[in-house]
Every structure is written in structure tokens, then in C-alpha cells.
Amino acid sequence: MLRNYFKIALRHLQKNKLYTLINLLGLATGITGCLLIGIYIWHELSYDRMHDKGDRIVRVTWEYNFGDAETKTAMTGTRVGPEFSRRFPETEAYVRLLKYPRVLALEDKMFEEKNFLYADSTFFSVFSFPLLEGSPATALDGPDKLVITQAMARKYFGDQSPVGKSLKVGGQKDFLITGIAADVPENSQIQFDFVVSFSNLRASKEEKWSEANYVTYLLLNDKASIEPLQAKIENYMKEVNREELKLEGNNYMTYHLEPLTEVHLHAQQDGFEPNSNITYIYVLAAVALLILLIACVNYTNLSTAQSAGRSAEIGMRKVLGAGKRDIFYQFISEAFLLSLIAVVVALLIALMLLPHFNQLAGKELQREVLVAPYTLLALVVLSVLVAFLAGAYPAFVLSSGKVIRILKSGFSFTGAAGLRQALIVFQFSISIFLIIATIVILQQLAYLQSKELGYNKNQVLVLPMDYAMLEQYDQLKAALAAVPGVISAGGAYEEPTHIDWSDGLTSGEDGKRITVNALPVDEDLVNTLGLEIIAGEPYTLGDIQQADPLKWGDTLRYTYMLNEAAVKALGWTPEEAVGKRVAKGREGIVRAVVKDFHFRPLHEPIAPLVIFMDKRLTVNLFLKINSENTAATLNNLAQTWKERVAHRPFEYQFLDENYAALYKAEQSMAGVFTTFSTVAILLACLGLFALTAYAMVRRTKEIGIRKVLGATVADILTLVSKDFIKLVIIAIFIATPLALFAVHRWLESFTYKIDVEWWVFIAASLLTLLIAVVTICLQALKTALNNPVKNLRTE
């Protein structure tokens with residue numbers, strides 16, 4: 001019997017090739033969208049879940065207030081891990097991590113490696129990064145030991161085993177390779193190519209609550225102890241604040257625990273890479289579901305529209321003894337067969353489109369994921385779900401008709417037209433909603449890229465500095481600045497795109513203390529980045545000499561520049577601030593006030609900032625170059641670099657590209673959202689095209705009579721399209737307020753954002769109407785242009 005159902009279903013699909021093709025194309029497209037979005041969501045949800053002890057690992061974040069505002073950061077001092085491990089029995093182990101670029105060399109090979117990690121010896125015992133060679137317990141138990149990944153082993157040693165061999169790090173020290181780790185999966189926040197012991201850092205020799213430059217993880221004895229341990233930490237830190245740190249009033253510091261598996265999607269503080277957002281996952285899941293629903297709606301609409309043409313078939317089956325259940329199974333088998341074919345087609349399309357989807361989403365998803373057993377099982381379940389979702393209603397209604405009525409007057413059922421109209425409204429409501437959301441997302445991203453930041457990020461090269469280069473800093477900087485095409489050069493500790501250094505600043509006037517971000521610079525940084533001084537003067541020769549540690553030693557004094565936010569927090573005007581005495585560890589005068597600039601992502605407001613001169617802390621050298629003949633400038637810089645910096649390769653970044661990387665999650669979201677919003681509107685139009693085609697077939701005789709009576713082509717097009725256009729207009733009124741609410745909620749996550757303008761809704765509505773009209777007219781025009789005599793004869 002089952003075989004017979006599918007044989008008849010296949011015959012029907014072959015007989016109605018146009019509608020079969022439209023249904024197949026619609027369902028395959030919807031399932032492809034679901035499949036690609038589904039593996040993207042799975043990838044995001046799987047972050048950091050590869051660790052065997054992952055449910056017991058927590059990240060420690062730092063919260064503090066040193067006088068004016070609460071600050072939270074994912075960085076901690078060196079004391080947190082050891083102290084909590086000693087103090088609280090719930091803590092089984094701790095790991096402190098620091099990622100810092102280093103230059104590695106092997107004979108004539110030399111590379112700057114950005115994924116170079118300093119970690120405590122417990123690293124491979126706490127985290128489940130498998131070692132292909134070496135022991136997790138001893139791989140990092142000495143300061144001269146190094147673990148490298150499989151990819152780096154091939155890069156430096158080819159097919160030879162590197163264990164027992166050495167690599168030179170930083171041009172100074174040889175490290176013995178004691179282990180080879182499997183390449184780190186992409187869905188891990190902790191990305192590394194090289195790991196050495198944390199004991200190599202000078203900071204490891206002393207435990208400090210402050211100087212927060214490290215990420216600390218705790219391994220707990222039991223995952224249920226997170227909340228009790230959090231309460232203990234808060235009580236303990238109150239004691240530390242009072243007894244050890246002598247903090248008074250609103251000043252305090254404490255720590256919070258975040259489950260490792262929740263950091264990527266739920267944490268506010270970024271880790272080693274920018275976090276994503278669980279909201280984006282919900283949105284993409286909704287888009288996938290809506291695309292699938294649109295495809296199912298197309299099938300339901302066409303099935304009910306075609307029902308009248310199958311009245312004789314249904315009547316004869318009932319006369320010959322087929323029951324309601326038999327008819328239902330026949331029609332649901334057609335839906336299941338079509339759904340199964342659509343799933344196979346969708347899988348093939350997804351395999352072909354995956355590289356393009358990866359580029360769009362900024363991921364490296366593998367084809368193996370699409371053919372994994374759990375994916376194939378999910379597709380089978382999805383095909384059954386789609387078959388019942390799309391085919392159950394038509395199958396139920398078609399099997400419920402009375403045989404006498406069907407044979408006498410043909411098949412029809414009350415509410416079919418109303419259902420089709422409701423489904424069309426539903427489809428276009430979704431499409432209009434997605435169009436509006438897409439426009440707003442793209443506008444916000446364009447705003448983020450074009451907003452005036454307060455500094456010049458274009459045509460600025462970022463070059464790394466190290467301790468060896470600092471010994472000849474002035475000479476190197478002068479040589480690079482003299483290269484043709486270089487306009488100016490300046491150095492700083494961090495890039496202006498993301499200043500993390502947090503500190504305290506005390507007024508010498510009234511002792512008021514505020515929390516600030518801090519940026520050590522050289523004398524030319526302000527000019528190179530185009531920071532605007534609104535009060536005071538640039539650094540002078542005296543400032544430079546006074547900040548020379550070789551000349552002044554421990555008696556050197558800093559000269560400070562404050563931004564407007566810092567001046568306001570201290571209760572001064574910019575003019576009043578110039579010449580005032582302030583202290584950040586060392587006392588100095590305020591030389592100038594710079595106009596506020598954005599040194600954090602635009603999700604956050606501009607915070608108080610202090611700029612101070614200390615060339616010893618330079619980590620990045622910035623070169624402002626001419627936009628003309630950039631290639632020649634880079635070649636000349638590379639040659640100068642090679643002559644003066646023999647111990648590291650010439651590698652650079654552009655500041656504007658680093659700024660764009662801050663919004664990686666939003667850019668991926670926009671790309672995926674835009675693509676699948678387009679898919680949704682095309683699916684809706686595909687369904688409208690099919691329904692128009694069916695309406696033209698059903699109304700061929702009517703249109704012929706109207707043309708004989710003098711109706712023009714325009715009259716026919718108006719007659720056919722007006723009912724559909726009314727439905728699209730209803731959809732516009734439904735979708736617009738929903739879209740307005742949704743985009744306002746999304747924009748709330750940004751401190752600096754666009755205003756949603758009225759024209760966005762008008763443009764989305766007109767675009768949808770235009771697409772609908774073109775879709776209807778393309779199909780209706782063919783029938784309207786036919787010879788009415790031929791129409792009446794063939795009818």
C-alpha cells in the first residue's frame with residue numbers, strides 16, 4: 001500500500017511539472033537556509049564545550065570603583081588565581097593566561113607569531129586541548145619548555161618531529177619543545193599556536209591584585225559550587241577592601257565568576273576575541289524558521305489552489321472504496337515525497353554554497369558537519385516536519401469532502417480563498433519585516449564605519465615594538481619617518497581603537513580621585529593620530545626631557561593630557577584644567593586637554609582618559625602615510641626595517657582594519673541577515689507568482705470574455721493584481737510596527753546609534769509593492785495578451 005501511495009504521488013508530481021518545480025524550489029531553498037543557519041547556530045552554541053571539565057571551569061572578572069564609577073573588566077592581577085586556590089576549598093586548580101605576540105626563529109626562518117600564550121603549568125590539565133606528543137602534567141613545568149600546535153610543527157619542522165628540538169623566542173632565549181598539541185578548534189575562545197610557562201613573566205614573581213593584564217580561570221570541584229563560591233568571594237573581598245587595601249567610602253573591588261561555556265554568547269566583557277551575542281542567535285533562528293514557514297506556506301497555498309482540479313480523482317477514489325484515511329495518506333505521501341526530494345537537493349546546494357557562506361559569516365565551517373550523522377538525522381526529522389507542516393492541512397481538507405457533492409459540483413471548500421489570503425499576508429509581513437530590519441542594520445554598520453571618531457584611522461600603519469627596539473627607539477622612529485611617503489610617526493602602549501589600561505587619577509587641588517583609562521605615548525602620537533587639542537599646548541622639549549628615565553631615574557615626572565570626559569569628572573573646564581596638578585602614581589601637571597575621541601567600541605560611552613609621556617612603554621609605532629603610491633612606501637619601509645631591525649620580520653597592520661574588526665559580530669550578522677532576508681522575499685514572490693499563474697488558468701475564459709467586451713490589457717492587469725496588492729498593503733500595516741519595535745530594541749545595545757527615519761518604512765513598503773506588482777504582471781501579461789477567441793475556444 002505504501003509503495004502504491006508513493007507511485008501515485010510521483011505520477012502526480014510528474015504530471016504537474018510547473019507547480020512541482022515551484023514547490024520543490026521553494027522547499028529546497030527554505031531548507032537550505034535552515035541548514036546553513038542551523039550549523040552556524042550550532043557552531044556558536046558549541047563554543048568552549050570541547051573541554052571534559054568545561055562545566056566546572058569559570059572565568060574570573062574584576063569589578064571595581066575607585067572613586068567615581070563602576071568598572072568591569074575580564075582582566076585580573078596575578079594574585080587572584082593563587083589566592084582563591086589557597087583560600088577556598090571549592091577551587092581545585094587555576095590557570096592564568098597572557099597572549100602576547102613574539103618573534104620565533106629557527107635557523108633562517110623567522111616569523112612574528114600573534115597566538116603566543118603564557119600559561120600556568122596546569123593549562124593542559126584544566127583544559128582539554130589534546131597533546132599528540134608530550135605529557136599534560138610536565139609539558140609546562142619549567143620556564144624553558146614550549147608546546148606548539150600541529151600546524152606550527154609543520155611550518156617550522158616539516159615532516160620531522162619537533163619534540164626535543166628548540167626554537168628561539170624573542171631573539172634571545174631558546175625554548176625546548178616538550179609537546180605537540182592538536183590544532184585548536186575555531187569554536188574556542190582560547191586560540192594559541194605556542195604555549196610557554198607563565199613563570200617566564202616577571203609578573204609571575206609577585207602576586208598583585210592590581211596591574212590587571214591577565215585572564216584567570218578557576219577549575220572548581222563541583223559545578224554546583226559556582227554560586228556558593230561567588231558569595232564567599234564577595235564576603236572575602238569586603239574584608240580585603242577594608243583590612244588590606246584600606247578602601248573607604250564608595251571605593252571597592254570584587255570579582256565575579258562566569259561559566260566558561262557562557263562567556264562567548266552571554267558575557268559583557270570580551271575575552272581573547274570579541275564575544276558574540278545570544279540575541280543574534282535568537283534573531284537568526286527566527287529568520288531560519290520564517291524562511292521555512294514561507295516555503296511551507298507556498299506549498300499549502302498551491303495545494304489548496306489546485307484542489308479544484310483534483311475533484312474527479314478524489315471522487316472516483318471514494319466511489320471505489322477509499323476511505324478518508326486512505327485519501328489523507330495519499331496526499332500526505334505526496335508532501336513527504338516532495339519534502340524528501342527537497343531535503344536531498346537542499347543538502348547538495350548547502351555543500352556547494354558553504355564556502356560562500358563561510359566568507360559571508362566570517363567562519364570556517366567544514367563540509368563534514370553537513371554530512372555528519374546527527375545532521376543527516378536532523379534533516380530526516382526536518383523532512384517529516386515540513387511534510388506535515390506544509391501538507392497536513394491540504395491533505396485533511398481534500399480527504400474530508402462528500403463524494404456526491406464532489407462528483408456533482410466539483411471540489412471546493414469553505415475558507416480556502418480566505419486561507420490563501422491570510423497566508424499571503426503572513427508571507428509578505430515576514431518579508432517586509434526583514435527588509436526593514438536589514439536596512440536599519442546596514443545603516444547602523446555604515447554609521448559605525450563612517451562616524452567621526454576623534455582621531456584619524458585612515459592610512460595609518462601599526463608596527464609592533466619590543467624591548468630590543470626600544471633601546472634605539474628614537475633612531476628607528478626617525479629612520480622610518482624619513483622614508484618617502486611617511487607623513488609622521490608616533491608611538492603608544494595601545495591602539496586608540498581599544499584602550500584597556502585602567503587606572504586612578506587624583507586631583508592635586510582637592511584630592512578628588514576618579515577612575516580613568518590610561519595611555520602612555522611619545523611626544524608625536526597626538527599629532528600622528530590627529531587628536532585635537534582644545535586647551536593647552538602639545539608636549540614641549542622640557543616635557544620630553546623630564547620624562548627621560550635615564551636622566552631622572554625615580555624622580556622623573558609625567559606631563560599629562562586629559563580628555564574632556566576626565567576634565568568634566570574632576571569638575572573643571574578645559575581652560576581651568578591646564579596647569580593643574582594631578583597624580584597617577586607620579587605627580588605632574590596637565591599640559592593640555594584633548595577633544596573626546598572614541599577609544600572603545602561604540603556600544604560604550606566615552607570614558608575619562610589620561611595620556612602621559614613614557615616612551616619606555618611603547619608597544620605600537622604608528623606611521624601616517626600618504627595615500628599615493630602606498631606600495632612603494634611599504635617597500636621602502638620594509639627595506640629600512642630590515643636594515644635596522646634584524647631580529648624580527650616586517651609585519652604591519654592598518655589601523656582602520658583593526659577598528660573594523662571590533663564589529664566582526666555585527667558584520668557577520670548583517671551579511672547573514674541581508675542574504676536570508678533576500679531569500680525570504682524571493683520565496684514570497686515565488687509563491688505569489690505561482691498563485692497568479694494558477695489564477696490565470698482558472699480565469700482564462702473570464703479574461704477572454706472581458707477582452708471581447710472591450711477590456712484593455714491594463715484593465716486585465718488591474719483586475720488580476722488589485723486583490724493581491726490589497727493583501728500586500730495589509731501586510732505592510734502589520735509588519736511596520738513590529739519591525740519598528742524590533743530595530744529599536746536592537747539599537748539599544750549601542751550608545752552611539754542612528755535615528756530610525758520614516759523613509760526606511762516607506763522605502764521598504766514601496767519596494768515590496770514594486771516586487772509584488774512586477775511578479776504578478778509578468779505572469780498575468782501573458783494571458784492578457786493572448787487572442788480572446790483562442791482563449792474561449794480552448795476553454
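Can you walk me through the overall build of the chain in this structure?
Of the regular secondary structure elements, the chain holds 28 helices and 24 strands. A burial count over the chain gives 51% of its 795 residues as buried. Counting contacts in the chain only where the partners sit at least 6 residues apart, residues at least 24 apart contribute 80% of the total.

When you look at a nonpolar patch on the surface in this model, what are you seeing that I'm missing?
A cluster of nonpolar side chains, Trp758, Trp759, Ile762 and Leu766, forms an exposed patch at the surface whose accessible area comes to about 470 Å². Within the fold, Leu766 resides in helix α27 (residues 758–785).

Help me out: how do you make sense of helix α6 (residues 226–244) in this one?
In an α-helix, one turn spans 3.6 residues; hence positions three or four apart end up facing the same way. Its 19 residues give α6 an end-to-end C-alpha distance of 25 Å, which sits within 8% of 27 Å, the value for a rise of 1.5 Å per residue. Within the span of α6, buried status applies to Ile226, Leu229, Gln230, Ile233, Tyr236, Met237, Val240 and Asn241. Projected down its long axis, α6 shows its buried positions confined to an angular sector of 145°, all on one face. The outward face of α6, more than 90 degrees from its buried face, is lined by the exposed residues Glu227, Asn235, Lys238 and Arg242. Where α6 is buried, its residues meet β1 (57–65), α3 (80–87), β3 (91–99), β12 (215–220) and β13 (252–259).

Looking at this model, I keep getting lost on the side chain of Lys451. Mind explaining?
Relative to the elements of secondary structure, Lys451 occurs in the loop between α14 (416–450) and β14 (460–464). Although buried, Lys451 forms no salt bridge, and the nearest oppositely charged side chain, Glu452, lies 8.3 Å from it. With residues near it in sequence (within four places) discarded, Lys451 still touches His598, Leu602 and Tyr752.

Just checking my understanding: could you explain the packing of aromatic side chains for this structure?
Two measures describe an aromatic ring pair: the distance that separates the ring centres and the angle between the ring planes. Taken as a whole and assessed by the stated rule, the structure comprises 32 aromatic pairs. A ring pair is formed by Trp62 and Tyr255, whose centres lie 6.5 Å apart and whose planes are at 15°; its orientation type is stacked. In this pair, Trp62 sits in strand β1 while Tyr255 sits in strand β13, placing the two residues 193 residues apart along the sequence. Each member of the pair Trp62 and Tyr255 is classed as buried. Members of the aromatic cluster, connected to one another through ring pairs, are Trp62, Tyr64, Phe84, Phe88, Trp209, Tyr236 and Tyr255. Cation over ring: Arg202 sits above Tyr467, and NZ or CZ is 5.6 Å from the ring centre.

Before we go on, may I ask you to explain the environment of Asp52 in this structure?
Along the chain, the position of Asp52 falls in the loop between α2 (17–45) and β1. Along the backbone, Asp52 and Phe129 are 77 residues apart, and their C-alpha atoms lie at a distance of 9.6 Å.

Can you walk me through the nonpolar core in this structure?
A general feature of soluble globular proteins is that nonpolar side chains tend to end up buried together. By size, the foremost hydrophobic cluster in this structure holds 125 residues, and its most contacted members are Phe357, Phe428, Ile611 and Phe676. Examining the composition of this core, we find that 16 residues originate from one element, helix α24 (residues 664–698), more than from any other. In terms of domain composition, this core takes at least three residues from each of domain 1 (2–43 + 277–447 + 664–794) and domain 3 (466–647). Beyond its immediate chain neighbours, meaning those up to four positions away, Ile611 contacts Leu519, Val521, Leu531, Tyr539, Thr559, Tyr560, Met561, Val594 and Phe597. With 24 residues, the next largest nonpolar core counts Ile57, Leu97, Ala119 and Leu219 among its residues.

What is the right way to look at the pattern of salt bridges in this model?
Pairs can form between side chains of opposite charge whenever their charged atoms are close. Using the criterion set out here, one finds 31 salt bridges in the structure. Between Arg86 and Glu83 there is a salt bridge; the shortest N-O distance is 2.9 Å. Of this pair, Arg86 and Glu83 both sit in helix α3, 3 residues apart, which is roughly one turn of that helix. Classification of Glu83 by relative accessible area gives buried; the value is 6%. Across the salt bridge formed by Glu207 and Arg86, the nearest N and O atoms sit 2.9 Å from each other.

Help me understand the packing of helix α16 (residues 473–481) against helix α22 (residues 630–644) in this model?
The angle between the axes and the distance between the axes are what describe a pair of packed helices. Contact geometry of α16 with α22 gives a least axis separation of 10 Å together with a crossing angle of 155°. Considering their axes alone, α16 and α22 lie roughly antiparallel with respect to each other. Every pair of crossing elements has a handedness; the one defined by α16 and α22 is right-handed. Two secondary-structure elements touch here, α16 through Gln475, Leu476, Ala479 and Leu480 and α22 through Leu637, Thr640, Trp641 and Arg644. For the contact of α16 with α22, the per-class residue count stands at 5 nonpolar, 2 polar and 1 charged.

Can you help me understand the confidence of the model for the chain in this one?
A low pLDDT means the predicted coordinates there should not be read in detail. On average, residues of the chain score 83 in pLDDT, and 86% of them are at 70 or above. Here helix α19 (residues 549–552) is the element of the chain with the lowest mean pLDDT, 50, and β12 is the one with the highest, 96.

I would appreciate a short explanation of helix α5 (residues 150–157) in the present structure.
Among the residues making up α5, those that are buried are Met152, Ala153, Tyr156 and Phe157. Across the axial projection of α5, the buried residues extend over an arc of 105°, all falling on one side. Turning to α5, the residues buried within the fold contact β4 (102–106), β5 (109–113), β8 (145–149), β9 (166–169), β10 (173–181) and β11 (194–197). In the segment just after α5, Gly158 is the residue with positive phi, at about 65°.

Honestly, the pairing of strand β21 (residues 586–594) in this entry has me stumped. Any pointers?
Regular strands place their side chains on alternate faces of the sheet. Here strand β18 (residues 533–536) runs beside β21; their pairing, made up of 3 bridges, is antiparallel. What sits directly across from Gly536, in β21, is Ala592. Taken together, the 6 bridges between strand β19 (residues 558–563) and β21 define a ladder with parallel strand orientation. Opposite Tyr558, over in β21, you have Gly588 as the bridge partner. As judged from the 4 bridges shared by strand β20 (residues 581–584) and β21, these two strands associate in the antiparallel manner.

Help me out: how do you make sense of the environment of Leu686 in this one?
Counting through the fold element by element, Leu686 comes out in helix α24. Of the residues examined, Leu686 reaches a relative accessible area of 17% and is grouped as buried.

Teacher, can you tell me more about the environment of Ala739 here?
By the element assignment, Ala739 lies in helix α26 (residues 713–747). Accessibility expressed as a relative area gives 0% for Ala739, which makes it buried. The spatial distance from the C-alpha of Ala739 to the C-alpha of Phe761 is 9.1 Å, given a sequence separation of 22 residues. Excluding residues that lie within four positions of it along the chain, Ala739 makes contacts with Phe433 and Ile436.

How do you make sense of unusual backbone geometry when you look at a structure like this?
As a rule of thumb, non-glycine residues mostly have phi less than zero, and peptide bonds are mostly trans rather than cis. A positive phi angle, near 65°, is found at Asp48, a position not held by glycine. Structurally, Asp48 is set in the loop between α2 and β1. Its identity is not glycine, yet Asn629 carries a phi of approximately 55°, on the positive side. Within the element layout of this structure, Asn629 appears in the loop between β23 (620–625) and α22. For Asn629, a relative accessible area of 57% translates into the label exposed.

Got a minute to help me understand the side chain of Thr178 in this structure?
Looking at the secondary structure, you find Thr178 in strand β10. The class of Thr178 is buried, set by a relative accessible area of 16%. Of the polar contacts made by the side chain of Thr178, one reaches the backbone oxygen of Ala139; its length is 2.7 Å. With residues up to four places along the chain from it excluded, the contact list for Thr178 reads Glu133, Gly134, Ala139, Lys145, Leu146 and Val147.

What counts and what doesn't
- Residues numbered from 1 in each chain as written.
- Predicted model: local features only at pLDDT ≥ 70, side-chain atom pairs only at ≥ 80, totals over all residues.
- Heavy atoms only, no water.
- Helix = DSSP H or I, 4+ residues; strand = E, 2+ residues; numbered from the N terminus.
- Buried < 20%, exposed > 50% of the residue type's maximum accessible area, 1.4 Å probe, protein only.
- Contact = heavy atoms within 4.5 Å.
- Patch = residues over 30% accessible without salt bridge, like charges linked within 9 Å, V, L, I, M, F, W, Y side chains within 5 Å.
- Areas by Shrake-Rupley, 256 points an atom, 1.4 Å probe, with all protein chains shown as cover.
- Salt bridge = Lys/Arg side-chain N within 4 Å of Asp/Glu carboxyl O.
- Expected span 1.5 Å × (residues − 1).
- Arc of directions from axis to C-beta.
- Lys, Arg positive; Asp, Glu negative; His and termini not counted.
- Phe/Tyr/Trp six-rings, centres within 6.5 Å; stacked < 30°, edge-to-face > 60°.
- Lys NZ or Arg CZ within 6 Å of the ring centre and 35° of its normal.
- Core = buried A, V, L, I, M, F, W, Y, C linked by side-chain atoms within 4.5 Å.
- Domains from an automatic or database assignment.
- Axes fitted to C-alpha atoms, helices over the stretch in contact; angles between N-to-C directions.
- Parallel < 35°, antiparallel > 145°, perpendicular 65-115°, else oblique.
- Left-handed = near helix turned anticlockwise from the far one by under 90°.
- Nonpolar A, V, L, I, M, F, W, Y, C, P; charged D, E, K, R; others polar.
- pLDDT = per-residue confidence, 0-100.
- Pairing = 2+ DSSP bridges.
- Polar contact = N/O pair within 3.5 Å; in protein donor to acceptor, adjacent residues only side chain to side chain.

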